Amino acid sequence: SLTSPTLNGGISKFTMLYTKMFTDTKLGVTITITDVATGAKYTKVLSVELPKDEKYQVYTLEWVLDTPITGDFTIEIVNDCPSANTSSNKDRITVLDISWIA
């Protein structure tokens, strides 16, 4: 998982650019944005299955929060390992960029 430090200025829309660089076919992450002031958590699950030989295609996830956060917040991205494979280096997603607007 990746967790940001406390970010400020609020968030109403989250955008993530991602790709697949290996032959993994199932990709899945859970993104959680937490309002530091209230403790409210907003969650988005990304789950996709892509062809084995498809690599380096850039995809965009755009998520408009139901309730915008006006103050401090954190972002956590967790690999869900959708194939449930117990060996290492499976279900790898490459996050190219994340951005947000208040």
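Below, the structure is looked at part by part. Predicted model, so just to flag it, every value in this text is computed and none were measured.

## A look at the environment of Y59
Next up, step 1: One can find Y59 in strand β5 (residues 59-69).
Next up, step 2: Between the alpha carbons of Y59 and L96 there is a distance of 9.5 Å; along the sequence they are 37 residues apart.
Next up, step 3: Not counting the four nearest positions on each side in its chain, Y59 is found in contact with M16, L17, Y18, L50 and E54.

## What about a nonpolar patch on the surface?
Next up, step 1: A surface patch of nonpolar side chains, amounting to about 310 Å² of accessible area, comprises M21, F22 and Y56.
Next up, step 2: Mapped onto the elements of the fold, M21 is located in the loop between β2 (11-19) and β3 (26-35).

## Comments concerning the pattern of salt bridges
Two side chains with opposite charge may pair up if their charged atoms get near one another.
Next up, step 1: One pass over the structure, following the stated rule, counts two salt bridges.
Next up, step 2: E62 is paired through a salt bridge with K13; the nearest N and O atoms lie 3.8 Å apart. On the criterion of sequence distance, the pair formed by E62 in strand β5 and K13 in strand β2 is long-range, its members being 49 residues apart.
Next up, step 3: For R92, the salt bridge goes to D24, with nearest N and O atoms at 2.9 Å. Here R92, found in the loop between β6 (73-79) and β7 (94-101), pairs with D24, found in the loop between β2 and β3; they are 68 residues apart in sequence, far enough to count as distant.

## Some thoughts on the sheet that holds β5
Next up, step 1: Pairing is antiparallel across the open sheet formed by three strands, whose spatial order is β5-β2-β7. Looking at the sheet topology across the chains shown, the edges are occupied by β5 and β7. When the angles between neighbouring strand axes are averaged without regard to direction, this sheet yields 15 degrees.

## What to know about the sheet that holds β6
Next up, step 1: The sheet built from four strands is open, its strands ordered β1-β6-β3-β4 with antiparallel pairing. Across the chains shown, the open sheet's two edge strands, defined by having one partner strand only, are β1 (2-3) and β4 (41-49).
Next up, step 2: The sheet contact formed by β3 and β6 spans seven bridges and is antiparallel. Pairing of T32 across the sheet is with E76, part of β6.

Criteria and thresholds
In this numbering scheme, every chain counts its residues from 1 along its sequence in written order. Only residues with pLDDT of 70 or above have their local features reported here, since the model is predicted, and side-chain atom pairs are shown and tallied only from 80 upward, although totals for entire chains, interfaces and linings are computed over all residues. Here the side-chain values reflect all heavy atoms present in the structure, with hydrogen atoms and water set aside. The numbering of helices and of strands both runs from the N terminus, where a helix is a DSSP run of H or I of at least 4 residues and a strand a run of E of at least 2. Here a residue-residue contact requires only that any non-hydrogen atoms of the pair lie within 4.5 Å. Each patch is built from salt-bridge-free residues with over 30% relative accessible area, joining like charges within 9 Å and nonpolar side chains (Val, Leu, Ile, Met, Phe, Trp, Tyr) within 5 Å. All accessible areas in this document rest on Shrake-Rupley with a 1.4 Å probe, and a residue is counted as covered only by the protein chains that are shown. In the sections that follow, a salt bridge refers to a side-chain nitrogen of Lys or Arg positioned within 4 Å of a carboxyl oxygen of Asp or Glu. DSSP-based pairing: two strands are paired if at least 2 bridges between them are found. Here, axes are lines fitted to C-alpha atoms. For helices the fit covers the stretch in contact, and angles between N-to-C directions go from 0 to 180 degrees.

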